[in-house]
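What follows is the residue order along each chain.
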Amino acid sequence: MNEAGAAIGKLRVELAALGVADAYEIGDDATLSVWVGLVVCYRDGCYRWREGAVRRSHLGNDPVGCALRVARRYAEVRADVPPWWEDLARILRGDVSDRR
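Considerations on the overall build of the protein chain
Here comes step 1: Within the protein chain one finds three helices and five strands.
Here comes step 2: Traced from its N-terminal end to its C-terminal end, the protein chain shows the element sequence α-β-β-β-β-β-α-α.
Here comes step 3: What you see for the protein chain is a C-alpha radius of gyration of 14 Å, in line with the 13 Å of a compact globule of 100 residues.
Here comes step 4: By principal-axis analysis of the C-alpha atoms, the protein chain measures approximately 45 × 30 × 25 Å.
Here comes step 5: Across the 100 residues of the protein chain, 34% fall into the buried class.
Here comes step 6: Contacts in the protein chain between residues at least 24 apart in sequence constitute 38% of all its contacts with a sequence separation of at least 6.

Parameters at a glance
- Residues numbered from 1 in each chain as written.
- Predicted model: local features only at pLDDT ≥ 70, side-chain atom pairs only at ≥ 80, totals over all residues.
- Heavy atoms only, no water.
- Helix = DSSP H or I, 4+ residues; strand = E, 2+ residues; numbered from the N terminus.
- Rg over C-alpha atoms; globule rule 2.2 N^0.38 Å.
- Buried < 20%, exposed > 50% of the residue type's maximum accessible area, 1.4 Å probe, protein only.
- Contact = heavy atoms within 4.5 Å.

Following this line, the structure appears as structure tokens:
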């Protein structure tokens, strides 16, 4: 496992401990999708995330602190879920069992 993969793995564990259990790694070992438009990546020794045009960063040696900040934002955006999100999430995650 490379440095980015290990850092994202640590962040994912910390997020799960804070109740953000549905975050998933998107396949490049450096990016974690947390919620619609809320994506965290690890590069150059920092966690970086964006939500729309807003960009944030956090030191890569502090997955606990980063998880707290990301989980706080996750809770804020989950409080106002767009009505179309659940259908889109099933499609994006590959949940095809509900498709006709």
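Let us keep going from here.
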